[in-house]
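# Chain and residue survey
So the chains spell out like this:
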Amino acid sequence: VLATSLGFRVGIADATGDIQYGPLLFRDAPCNSIAFRDSYAYIATLVDGAAGLVRVDLSTTVLVNSLFFPWAWDLIATGTTTTASQVAFFGNSDRAAFTNGNNTWAESTTSLVASGYLRTGYIRYNTLETKIFKLMQARVDTTNGGVTIQSIDAADNFYTIGVFGQESAVPQININYPQTAQEYLGFQFTLTRSSTDVSKGPLFTGYQIRSLPATPRQRLIQYPLSCFDHETDHFGVEVGFEGAAYDRMSQLELIENNGDTIQIQDFRTGESYLGIIEEMDFRNNTPSDKRFSGYGGLLLVTIRTV
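One structure accompanies this document, and this report is about it. (Residues numbered from 1 in each chain as written. Predicted model: local features only at pLDDT ≥ 70, side-chain atom pairs only at ≥ 80, totals over all residues. Heavy atoms only, no water.)

## A look at the layout of surface pockets
It is the rolling of a water-molecule-sized probe over the atoms that shows where space remains empty. Approximately 1800 Å³ is the volume found for the largest pocket. Lining the largest pocket are 44 residues, and of these Trp73, Asp74, Leu75, Val113 and Gly116 sit closest to its centre. The element contributing the most residues to the lining of the largest pocket is strand β8 (residues 71-76), with six residues. Taken together, the residues of the lining of the largest pocket break down into 23 nonpolar, eleven polar and ten charged. Roughly 590 Å³ of volume is contained in the second largest pocket. (1 Å grid on protein atoms, 1.4 Å probe; cavity = no way out; pocket = protein on both sides within 12 Å on 5 of 7 lines; lining within 4 Å. Points joined across faces, edges and corners; volume = space filled by probe spheres on them. Helix = DSSP H or I, 4+ residues; strand = E, 2+ residues; numbered from the N terminus. Nonpolar A, V, L, I, M, F, W, Y, C, P; charged D, E, K, R; others polar.)

## A short note on unusual backbone geometry
Tyrosine 177 connects to proline 178 through a cis peptide bond whose omega is -5 degrees. By the secondary structure assignment, proline 178 is in the loop between β16 (173-174) and β17 (186-192). Backbone geometry at aspartate 38 places phi at a positive 60 degrees, although glycine is not the residue there. When you line up the elements, aspartate 38 lands in the loop between β5 (33-37) and β6 (40-47). Phi is positive for asparagine 126, close to 60 degrees, though the residue is something other than glycine.

## Things to note about the sheet that holds β8
Pairing in this open sheet of four strands is antiparallel, and the strands run β5-β6-β7-β8 from one edge to the other. Two strands lie at the open edges of the sheet, namely β5 and β8, each paired on one side alone. Strand after strand, the sheet turns through a mean of 35 degrees between neighbouring axes, direction not considered. With five bridges joining them, β5 and β6 adopt antiparallel strand pairing. Pairing of alanine 35 across the sheet is with tyrosine 42, part of β6. (Pairing = 2+ DSSP bridges. Axes fitted to C-alpha atoms, helices over the stretch in contact; angles between N-to-C directions.)

## Examining the sheet that holds strand β18 (residues 203-213)
The strands that make up a sheet are held in pairs by hydrogen bonds between backbone atoms, and each pair lies either parallel or antiparallel. If you trace the three strands from one edge of the open sheet to the other, you get β16-β13-β18, paired in antiparallel fashion. What marks the edges here is a single partner per strand, and that holds for β16 and β18. As paired elements, strand β13 (residues 131-141) and β18 share ten bridges and run antiparallel to each other. Looking at β18, one finds that leucine 135 is bridged to arginine 210.

## Notes on the side chain of aspartate 153
By the element assignment, aspartate 153 lies in the loop between β14 (146-152) and β15 (158-164). Notably, aspartate 153 is buried but unbridged: the nearest opposite-charge side chain belongs to arginine 119, and the N-O separation is 7.9 Å. When neighbours within four sequence positions are excluded, aspartate 153 is seen to be in contact with Tyr122, Tyr159, Pro178, Gln182 and Leu185. (Buried < 20%, exposed > 50% of the residue type's maximum accessible area, 1.4 Å probe, protein only. Lys, Arg positive; Asp, Glu negative; His and termini not counted. Salt bridge = Lys/Arg side-chain N within 4 Å of Asp/Glu carboxyl O. Contact = heavy atoms within 4.5 Å.)

## Some remarks on the packing of aromatic side chains
Counted according to the given criterion, the structure contains eleven aromatic pairs. Each ring, one from tyrosine 42 and one from phenylalanine 89, has its centre 4.9 Å from the other, and the planes form 80 degrees; the classification is edge-to-face. Of this pair, tyrosine 42 sits in strand β6 while phenylalanine 89 sits in strand β9 (residues 86-89), placing them 47 residues apart in sequence. With relative accessibility at 6%, the residue tyrosine 42 sits in the buried group. Both rings, one in phenylalanine 189 and one in tyrosine 207, keep their centres 5.4 Å apart while their planes meet at 45 degrees; by these two values the pair is tilted. Residue phenylalanine 189 is found in strand β17, and its partner tyrosine 207 is found in strand β18; the two are separated by 18 residues along the sequence. Residue class for tyrosine 207 comes out partly exposed when judged on its relative accessible area of 33%. Three or more aromatic residues joined by ring pairs make a cluster, and in this case those are Phe8, Phe26 and Trp71. The side chain of arginine 95 reaches across the aromatic face of phenylalanine 90, ending 4.5 Å from its centre. (Phe/Tyr/Trp six-rings, centres within 6.5 Å; stacked < 30°, edge-to-face > 60°. Lys NZ or Arg CZ within 6 Å of the ring centre and 35° of its normal.)

## What to know about helix α1 (residues 244-258)
With 15 residues, α1 should reach 21 Å at 1.5 Å per residue; the first-to-last C-alpha distance of 22 Å fits that figure. Residues Ala244, Ala245 and Met249 constitute the buried set of α1. Projected onto a plane normal to the axis of α1, the buried residues spread over an arc of 125 degrees and lie on a single side. In α1, the exposed positions angled more than 90 degrees off the buried face are occupied by Gln251, Leu254, Asn257 and Asn258. (Expected span 1.5 Å × (residues − 1). Arc of directions from axis to C-beta.)

Listed below in structure tokens is the structure:
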């Protein structure tokens, strides 16, 4: 683990001593000292403007075959404005302590902080389509404390969607806010310690989100088209020729077989959109007569919007 003036990163040394550097995992403040316990690295730095520790889990990576490791804020000396400079442990215990050169803070053995929060990353299901986030099931044991659940939109606005006190059941809740479809959404769980025993807190084990895609739905629209050899336009002028109906239908069949989108214009409503010819149904309504083939009738064209 490499503590630098810009943050910290994790590297791997090969047999010759050359080091492959990973990305900066924390870049908010200089990192001054490192101590290790079990599979974790504790780094003395400035946490959210106060002296504190960042903890890195070296037992796993966020991405496979990468040097990007999960990390989180750990101990914080609330109310300070200086950067932590050293970190160590009490003997063989997990109890950490750190200093800024003038003062020393140690992890309490008898009480938890009044509250703390866990914020998730933004959830987008690996797509750029908008979604309607519907339901959340959080697994929280509130025997020894409560939890407040908030949703977070792209503009970093927080919406409270559930508040559960100590010893309350945490059911599946509706994600009512934000009310519009979102490309992605984050969540924050604020945990509060027990009101009767400050050494205990709630147990959070996980959560599950259910959502629906909010993409525009496709529609099937059927247009009845007149398809005769001889027709008149809206001015009453006769147009067409013998075989015109078959030629026009053949052109539409070529477009249908191509399978590409076409621009649809409905002059009755002024509607214009892209669509695909889903199906054509031709009903020949005129019989042959003398020198006329009589090929013509009603052409039903079904369009699927895209």
